[in-house]
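# Breakdown of the fold
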Amino acid sequence: KTQMDLDGRTLAMQEEGRRVALQDDNKLMQLEEKGSRMEMEEDDRMMAMEEDTRKLSVREKDRKMGLKEDEKRLAMAKEGKRIMLDEKSKSMALQEEGKDLELDERE
């Protein structure tokens, strides 16, 4: 009878050991799953941040290009004004010369 009791307890302990091992395996699998989910979320966050950085750098390049365009337009406008002033100066000089010639002819 005692041997049967011992065998029964041994079997019960082995069964309990298996059950605990299974629970541990399940916990490990859950932790691994949670870890890989967190890794994926982190990867998604990193990719989103990289995308934001790319967008910002594109915006910055666009802004710089816009500023360069503005500078070119300003330079062209200044050049245009300078040319117009040169033309006015020439025109006025020619008018002066014309008046001088008229005065010379009258004399």
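Note that the coordinates shown come from a computational prediction; the quantities given were computed from them, not determined experimentally. (Residues numbered from 1 in each chain as written. Predicted model: local features only at pLDDT ≥ 70, side-chain atom pairs only at ≥ 80, totals over all residues. Heavy atoms only, no water.)

## Digging into the overall build of the chain
Of regular secondary structure, the chain possesses one helix and zero strands. C-alpha atoms of the chain, sized along the principal axes, occupy 155 × 5 × 5 Å. Taken as a whole, the chain presents about 10,600 Å² of accessible surface, with 59% of it coming from carbon and sulfur. The distance from the centre of the 24 positive side-chain charges to the centre of the 31 negative ones in the chain is 4 Å. (Helix = DSSP H or I, 4+ residues; strand = E, 2+ residues; numbered from the N terminus. Areas by Shrake-Rupley, 256 points an atom, 1.4 Å probe, with all protein chains shown as cover. Lys, Arg positive; Asp, Glu negative; His and termini not counted. Charge placed at Lys NZ, Arg CZ, Asp CG, Glu CD.)

## Description of a negative patch on the surface
Side chains of E96, E97, D100, D104, E105 and E107 sit close together on the surface and give a patch of like negative charge. Looking at the element boundaries, E97 is found in helix 1 (residues 2–106). (Patch = residues over 30% accessible without salt bridge, like charges linked within 9 Å, V, L, I, M, F, W, Y side chains within 5 Å. Salt bridge = Lys/Arg side-chain N within 4 Å of Asp/Glu carboxyl O.)

## Details of the pattern of salt bridges
Applying the stated rule across the entire model yields eleven salt bridges. Salt-bridge contacts for R73 lead to D70; the nearest nitrogen and oxygen are separated by 2.8 Å. Of this pair, R73 and D70 are both found in helix 1, three residues apart, which corresponds to roughly one turn of the helix. Residue classification places D70 among the partly exposed residues on the basis of a relative accessible area of 38%. (Buried < 20%, exposed > 50% of the residue type's maximum accessible area, 1.4 Å probe, protein only.)

## Here's the deal with the environment of S91
Within the secondary structure, S91 is located in helix 1. Considering only alpha carbons, one finds S91 and G80, eleven residues apart in sequence, at a separation of 16 Å.

## Things to note about the environment of D86
Among the secondary structure elements, D86 is positioned in helix 1. Taking the C-alpha atoms as reference points, D86 and M76, ten residues apart in sequence, are found 15 Å from one another.

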